[in-house]
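Report on the structure
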Amino acid sequence: MRALTAVTFLIAGALSVLVAQDPDQTRKLQLAQSLEQAGEIEQASIIYEQLVQSDSTNYVFFEALRRAYVQLKEYDKAIRLVERRRAFRPGDVLLTAQLGGLYYDRGDTVQAAALWNAAINEQPKIRQIYALIAQQMMERRLYDKAIAMYTRGRVATGNPVEFVEDLALLRSATQDYRGAVEEYLRLLRSAPQQLGYIQSRIASFTLRQDGLTAARATVALEVKRSPNDIPVRTLLAWLAMEQGDYDAALEHYRVIDRVARANGSELYNFAQRSAREGSYRIAAAAYKEILDNYASAPTHPYARFGYARAVEELSAADSVRPVEPASGASIAESYISIDRSVALYEEIVRDYPNTEPAFQSMFRIGFVKYTRLFDLDGALTAFASIRRESRAGALVAESILLSSDVAVAKNDLVTAREILKSMPAGAPQETRDRGSFRNAQIAYYGTLFDTALALLAPLTSAVDRDLANDALSLQYFIAENNANKDALEAYVRAEILVRQRKHSEALVRFEEILRTAPQALLADDAMIQSAELHVALGKPLNALQVLQKIVSEMPSSIVRDRAQFRFAEICETILRDTPRAVREYERFLEVFPHSLYTEEVRKRIRSLRGDTL
Amino acid sequence: MTKRAMLVAVVFANALVCVQGQTRMLVPMDLSQTDHLKSYGLAYWVLEKNGQVDWLLNYRGGSFLLEYSEVVARECRIRGIAFEPLSAAEAAQVFSNVQREEANTDVVRLEKAPRIAVYVPPDFKPWDDAVTLALEYAEIPYTKVWDEEVLGGKLSDYDWLHLHHEDFTGQYGKFYANFRTAQWYVEQQSMYEREAKRLGYSKVGEEKKAVARAIKDFVGNGGFMFAMCSATDSYDIALAAEGVDICDVMFDGDPPDRSAQARLDFSKAFAFENFKLDMNAYRYEYSDIDIPSSDPPPLRDQTTDFFTLFEFSAKHDPVPTMLTQNHVSIVKGFMGQTTAFKKSLIKRTVVTLAEREGTEEVRYIHGNFGRGTFTWFGGHDPEDYQHAVGDPPTDLSLHKNSPGYRLILNNILFPAAKKKQQKT
C-alpha cells in the first residue's frame, strides 16, 4: 500500500509538471523521445539536457536524461544529475537507490554498497527502501544480493511475509524450487485463502519434473510438521495429482475431510475432479467412501450418482475383466458390470424422487438401456418419465431426441415423428437442428424421399452448423439413387433393420440388393454395410472378403478407399494382426495416395511400427 | 562395421533388388514434390542404411536418384514423398541429361549419413530453433551438445554441427532492456553463470568464447558448421574479441574494456571484418553486421520481402550449388535477431549464396576454414516472419514445401557428398 501511494504520488507529480509545460517544451520533449526511440541517444540527450536546464524540477525531463546518460554509459553525468536532484529531495529513497545503481554501473561497488546501506540505516523500518534497492540489484544480476536484501527487509520490518512473492519469484528463477515453495508456504500460513493463487504461482515451475519433485517434497515435509494444517495438505494433494499420483491424493483428502469435519464434501470435490480427469477408479473409491461413512452428508445423493457414473464408465471400459481395486475399495468392487450401474441408478431414483440426481439417473438408465443393453422398451419408459418432468431442464430435449431414436429402432416411425414434435421451443439451435435432421431421417426411413429432401434443405444451406455435413451426405445419397427407387427402398428397409440391430436379417437384405440390383449406384454402399454387419456378427473374415471385392472389382466406386481403409482397420483392431494391418495400410497408400484417409493411414502405420515422431 | 550392422546392410541391399522392372527411383524436388522437407529425411534414411543417393544438382529442383526397392518406395508412401519409378533406360537418360556438358547440372554421390550435433542449452524447446524443427520434421536424428561436451572435445564424434541461436558474446542475447526482470531471463542467466563456474570460468562471456574457439577447432579439423540468426554474428564477434572484455557490468559484473572496439582481431573471425560493436546493454543488437538493425525493430512489409538465391556452376562449384538447391530461386524473407549480413563487412574469401537484390543485405553465406566449412543463414524461422520470444511453434506439416527450410536441409546432406576433384 505504501509503495502504491509513493507510485501514485510520483505519477501525479509527473502529470502535474507535464501540464505545466509550455508548448515549446512539449515539442522538444516529443522530438527527443522520437530520437531516443530511433536509437539516436546522443542527440536525444542534448535536448533532454536543455529541458532539464529549463526546468530542473520536472521529473519527466530528469528521468529521460538519466535514462539517456545510462544508455550512453555517461555514468558520471548521470550521478551528478541524480545528486543535484537529491539535493532538493533529500528524503527521496528512489533517488538514493538509483544513485547506488549508477555507482555500481560505474564500477564503484564499494560506494554503491555504502549508499544503499546508509539509506537503510537512515530509515530501517521502511520496506520501500529494501524493495527499491533489491530492484536495482536484480537489474544488475545480483540475484543473491537481492535475495539477501529482501530477507534483511523482512527481518527489519518484523513482518514474516514481507517480500514473500519477490523472494519466491527470485528463488524459483534461480532454480531454488525448495526455497521458493518455502516462501509460498509462509504466505499460505498467513493467508490460507490465497491457496488458489499460490497453486497458480507454483504451477509456473511444476511443469519441470525437478520443480514438481522439489515442490512435493518440501510441502510433504511441512505436512509432516503440521499434519492437520488443511491448506498445506490440500496443496500437497494437488501436487500429488499434478504428478498423477491420485492414490496419494485420495489419502490426503481422507485426512482433510476428517480434520475439517467436512462431512464428506472435501472427498466429494476430489471425486468430482478425479472423474472429470478420467480417473474413474479413484473417483469410484472416493465416492464409495462418502457413501460408506457420511450417510447424512448433503452431498450424499450426488455422491451416489457420481459413484454410479464411475461404475458405468468403468464397465464401459471393460465390463468383464476385473478392475484393479482402489485402495479402500472392497474386492467386490473390482468386478463390475453395466447391470450394476443401472441398479445403482434405480436406487437413486427410488430414494430421491424428483431431485436433480434422480433426473440424471433416470436419463442414464434410458441411455444405458438403449445404447448398451438395447432394452428399447425400458429405455423408452425411462426417457418418457424425463420428458414429463419440466424440472429436468436440458435433459428433456435430449430425452426427446433419444426417444425418437428408440422409436426408429422399434420401426415405429409415426411415434418417432410424434415425439420430435414435443421438442421445447426454447431448446438451443443445435438441439433443434438435431431434431430437424432426425425428422428428415424418419422421412427417409419411411421412403418419403422428396419429403426428406425438403426437410434437409434448410440444414444443408446453413453450412456453418454442425449438422450440415451429415445433411449434405444424406441429401446426396438420396439424390444419387432416387432414379432407382426399388433399390433405394430396399436399401432403406435394410438400414432400418440395422437400426433395430437385426443384423442377420439386415445382412440378408443387403445381399439381396447386390443380387437383384448389382448395377445400382448404391451397390458399393450396400457392400460396405454388409461388411460392417459381418463384423457385428463376429465374422470379420467375411467382412474382409466383401471389402476386398469392393477394392478389386469395383473400379469406379467412390468408396474403394474407404473399403481398403476399413479392411486394414479390421486387421488392426479386430484381428489384432499388426503385420497384416501394416501391409494393408501400405497397400492403401500405394493405391489411394490422394484419398482423404491418407494422412490418417500414415499416422496409423507410424503408430503400428512404433515410430517415435 | 559390426556383424549386426553388416547383416542389416545385406538385408537392405537384398531388398533393393528390383522386382517390377524399375531399377531406379527419382525423388523429384521441383513443384511436383509433395513433401520437400521429408525428402531430405528419406535421403538421410537411405544413407543410414548404407544405401547410396545421387543428388542431381539443378535437375528438377535438385532431385534425388535412388536404387529402386519396394522398401524405399513404401517408405516414401508412408512419409508422403512423391517419387517416380524409372527403368534402367529412363535412369540412363536422366544421367545423360544431367551430365551434358552444356547443361548447368551435375550428379553428386552421397555416401555416408553425417553424424549430426546440435548445440543447444538444456531445457531448450525445439520450436525455438528452425534447424531442430527441420531435423525433427524430416526425421533426421541428431544429438544435443552443450558447453561441457564442446569443451570436452566431444565434437570430434560428429561431422556436422548446428549452432542454436546462441549468444557467444556472453550478453545473454541482449534481451536486457526488455526482459531483465522476466523469470526466464533471470533463470537463464543464473543457469549460465552456474555452468560457467562449474566448467572453471569466472565469467559466462569467457566460457562462451572458449566454446567458440573449440568450435573453430572442430571446423579447422574438417567439421561442417551451420548457424542461423544471432549464432552467426555473435559467434564471429566472440572469435574476434578473444581476450577482450566486451560485456557491460550487468552481464559480467564489471565494466567493459573501454578500448574493446580497437582491440578486436578480425583475422580471428570466420566471415566478418571491420564491424563495429554495439555494446549498449539497452540495445537489442550486437554490432552493425546485422542489417536491418533489430533495434529499433525494422518496419518492413513481409509481402514484399524476398531474397534471391545465386546460381552457381554445378560442374565447377558443386558445394555452393548443393547449398542453394531449391524449387524456386526467389525465397520469401524472414526476420531474426540477426536478419541479414551487411555486404561491406563480409570477408572477401566468403561466398555469398543469397542476397536481397539491390540492397546491402546478404542472407546466406558459405566459407572454408582449415579442412572444414561454415555456412551461415540470417533470420530465425523461414515460415514465421517475425518470430518473437514466446511465440508458438511453427507446424512444419503445414509448410512441407518451404523453400527457406529446404536451404537448411541442403546443409545436412552436403557433408554426405563424396569429395571430388574441383574443376577450378
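About the criteria used
- Residues numbered from 1 in each chain as written.
- Chains lettered and ligands numbered in written order.
- Predicted model: local features only at pLDDT ≥ 70, side-chain atom pairs only at ≥ 80, totals over all residues.
- Heavy atoms only, no water.
- Helix = DSSP H or I, 4+ residues; strand = E, 2+ residues; numbered from the N terminus.
- Buried < 20%, exposed > 50% of the residue type's maximum accessible area, 1.4 Å probe, protein only.
- Contact = heavy atoms within 4.5 Å.
- Areas by Shrake-Rupley, 256 points an atom, 1.4 Å probe, with all protein chains shown as cover.
- Lys, Arg positive; Asp, Glu negative; His and termini not counted.
- Charge placed at Lys NZ, Arg CZ, Asp CG, Glu CD.
- Salt bridge = Lys/Arg side-chain N within 4 Å of Asp/Glu carboxyl O.
- Pairing = 2+ DSSP bridges.
- Axes fitted to C-alpha atoms, helices over the stretch in contact; angles between N-to-C directions.
- Parallel < 35°, antiparallel > 145°, perpendicular 65-115°, else oblique.
- Left-handed = near helix turned anticlockwise from the far one by under 90°.
- Buried area = accessible area lost by both parts, 1.4 Å probe.
- Polar contact = N/O pair within 3.5 Å; in protein donor to acceptor, adjacent residues only side chain to side chain.
- Nonpolar A, V, L, I, M, F, W, Y, C, P; charged D, E, K, R; others polar.
- Expected span 1.5 Å × (residues − 1).
- Domains from an automatic or database assignment.
- pLDDT = per-residue confidence, 0-100.
- Phe/Tyr/Trp six-rings, centres within 6.5 Å; stacked < 30°, edge-to-face > 60°.

1. As for the overall build of chain B
In terms of regular secondary structure, chain B is built from 14 helices and 15 strands. Across its three principal directions, the C-alpha atoms of chain B cover 70 × 50 × 40 Å. Within chain B, buried positions represent 62% of all 424 residues. For chain B, the share of sequence-separated contacts (at least 6 apart) that also reach a separation of at least 24 residues comes to 75%. If you sum the accessible surface of chain B, you get close to 16,500 Å²; carbon and sulfur atoms cover 52% of it. Averaging the positions of the 47 positive and the 59 negative side-chain charges in chain B gives two centres separated by 5 Å.

2. Details of the pattern of salt bridges
Within the structure shown, the criterion is met by 79 salt bridges over all chains. Between Asp54(B) and Arg109(B) there is a salt bridge whose closest N-O contact spans 2.9 Å. A residue pair is termed long-range when its members are at least 10 positions apart, and Asp54(B) in strand β2 (residues 53–57) and Arg109(B) in strand β5 (residues 106–110) qualify at 55 residues. Residue classification places Asp54(B) among the buried positions, given a relative accessible area of 3%. Beyond isolated ion pairs, a larger network of salt bridges with shared partners links Arg606(A), Arg609(A), Asp611(A), Lys38(B), Glu75(B), Arg79(B) and Glu139(B).

3. Examining the pairing of strand β10 (residues 306–309) of chain B
All names here are of chain B. For β10 and strand β11 (residues 330–332), the ladder comprises 3 bridges, and the chain directions are antiparallel. Each residue of the ladder has a partner; that of Phe 307, found in β11, is Val 331. Sheet topology note: the β10/strand β13 (residues 351–355) ladder contains 2 bridges and is antiparallel. By the bridge assignment, Leu 309 is partnered in β13 with Ala 354.

4. Regarding the packing of helix α27 (residues 485–499) of chain A against helix α29 (residues 523–536) of chain A
A pair of packed helices can be characterised by two numbers: the angle between their axes and the separation between those axes. All names here are of chain A. The geometry of α27 relative to α29 is characterised by a closest axis approach of 12 Å and an angle of 20° between their N-to-C directions. One finds that α27 runs roughly parallel with respect to α29. The way α27 lies across α29 gives a crossing that is left-handed. In contact with Tyr 491, Glu 495 and Val 498 of α27, α29 contributes Asp 525, Ala 526, Gln 529 and Leu 533.

5. Quick notes on the side chain of Thr96(A)
Residues and elements named next belong to chain A. Along the chain, Thr 96 falls in helix α6 (residues 93–106). The exposure class assigned to Thr 96 is buried, which follows from its relative accessible area of 6%. Aside from chain neighbours lying at most four places away, what touches Thr 96 is Arg 86, Leu 115, Trp 116 and Ala 119.

6. Overview of the sheet that holds β2(B)
Backbone hydrogen bonds are what pair the strands of a sheet, in a parallel or an antiparallel way. Residue and element names in this part refer to chain B. What the 5 strands build is an open sheet, ordered β4-β1-β3-β2-β5; its pairing is antiparallel. Among the strands making up the open sheet, the edge pair consists of β4 (84–86) and β5. Pairs of neighbouring strands in the sheet enclose a mean axial angle of 25°, with direction left out of account.

7. A few points about the interface of chain A and chain B
Reports of interface size often rely on the accessible area that becomes lost once the parts have come together. Facing the 35 residues of chain A at the interface are 34 residues of chain B. Between chain A and chain B lies a buried interface of about 2,900 Å² when both sides are counted; carbon and sulfur atoms form 48% of it. Contact with chain B buries surface across chain A, with Glu139(A), Arg141(A) and Tyr143(A) losing the most and accounting together for 21% of the total. On the surface where chain A and chain B come into contact, there are 9 salt bridges. A salt bridge links Arg180(B) to Glu139(A), with the nearest nitrogen and oxygen atoms 3.5 Å apart. Counting the contacts that link chain A with chain B gives 17 residue pairs in polar contact (both at pLDDT 80 or more). Looking at the side of chain A that touches chain B, the elements with two or more residues in it are α4 (59–71), α6, α8 (127–139), α10 (164–173), α12 (195–206), α32 (578–591) and α33 (598–609) of chain A. Of the residues forming the side of chain A that touches chain B, the biggest block, 5 residues, is contributed by α33(A). Residues belonging to the side of chain A that touches chain B are distributed by class as follows: 12 nonpolar, 9 polar and 14 charged.

8. Structural notes on helix α15 (residues 246–259) of chain A
Residues and elements named next belong to chain A. Look at α15: 20 Å from first C-alpha to last across 14 residues, which is about the 20 Å you get at 1.5 Å a residue. Among the 14 residues in α15, 10 count as buried, and that is most of the element. Contact partners of the buried residues in α15: α13 (209–225), α14 (230–242), α16 (265–276) and α17 (280–293). Phi turns positive, to about 50°, at Arg 261, one or two residues after α15.

9. Details of the domain arrangement of chain B
Residue and element names in this part refer to chain B. According to the domain assignment, chain B consists of domain 1 (3–110) and domain 2 (116–298 + 335–393). Here the C-alpha centre of domain 2 lies 35 Å away from the C-alpha centre of domain 1. The interface is formed by 8 residues belonging to domain 1 together with 6 residues belonging to domain 2. Counting each side, the surface lost to burial between domain 1 and domain 2 is near 650 Å², with a carbon and sulfur contribution of 57%. In this assembly, domain 1 and domain 2 are joined by 1 salt bridge. Applying the counting criterion to the domain 1 and domain 2 interface returns 3 residue pairs in polar contact (both at pLDDT 80 or more). Here the element with the most residues in the side of domain 1 that touches domain 2 is helix α2 (residues 36–48); it accounts for 6 residues. Residues that form the side of domain 1 that touches domain 2 fall into these classes: 3 nonpolar, 1 polar and 4 charged.

10. Topic: the confidence of the model for chain B
Residues and elements named next belong to chain B. Residues with a pLDDT of 70 or more make up 92% of chain B, whose mean pLDDT is 89. Within chain B, the element-level pLDDT minimum falls on helix α1 (residues 3–15), averaging 47, and the maximum on β13, averaging 97. Low pLDDT, under 50, characterises residues 6–20; the stretch is placed with 19 contacts to residues that sit more than four places away or in other chains.

11. What to know about unusual backbone geometry
Working note: non-glycine residues mostly have negative phi, and peptide bonds are mostly trans. For the peptide bond that leads from Ile291(B) to Pro292(B), omega is -5°, which places it in the cis range. Secondary-structure assignment places Pro292(B) in the loop between α12 (260–263) and β10. Even without being a glycine, Asn354(A) presents a positive backbone phi close to 60°. Tracing the backbone shows Asn354(A) in the loop between α19 (338–351) and α20 (356–371).

12. Quick notes on the packing of α2(B) against helix α3 (residues 70–79) of chain B
Residues and elements named next belong to chain B. One way to put it is that α2 packs onto α3 with a least axis distance of 11 Å and a crossing angle of 150°. Relative to α3, the element α2 lies roughly antiparallel. Every pair of crossing elements has a handedness; the one defined by α2 and α3 is right-handed. Between α2, through Lys 38, Gly 41, Leu 42, Trp 45 and Val 46, and α3, the contact on the second element is made entirely by Val 71, Val 72, Glu 75, Cys 76 and Arg 79. Of the residues that constitute the contact of α2 with α3, the class distribution is 6 nonpolar, 1 polar and 3 charged.

13. Thoughts on the packing of aromatic side chains
Residues and elements named next belong to chain B. Applying the stated criterion across every chain yields a total of 48 aromatic pairs over all chains. Their ring planes at 50° and their centres at 5.6 Å tell us that Tyr 235 and Phe 270 sit as a pair that is tilted. Taken together, the residues Tyr 235 in helix α10 (residues 230–240) and Phe 270 in the loop between α12 and β10 connect sequence positions 35 residues apart. Taking the relative accessible area as the measure of exposure, Tyr 235 reaches 0% and is therefore buried. The buried category is assigned to Phe 270, whose relative accessible area is 6%. Taking 5.1 Å as the distance between ring centres and 50° as the angle between the ring planes, the aromatic pair formed by Phe 374 and Trp 376 counts as tilted. Assessed through its relative accessible area of 1%, Phe 374 is described here as buried. By relative accessible area, which is 0% here, Trp 376 ends up buried. Each residue in the set Trp 146, Tyr 172, Phe 175, Tyr 176, Phe 179, Trp 184, Tyr 185, Tyr 192, Phe 251, Tyr 282 and Tyr 284 is aromatic and connected to the rest through ring pairs, giving one cluster.

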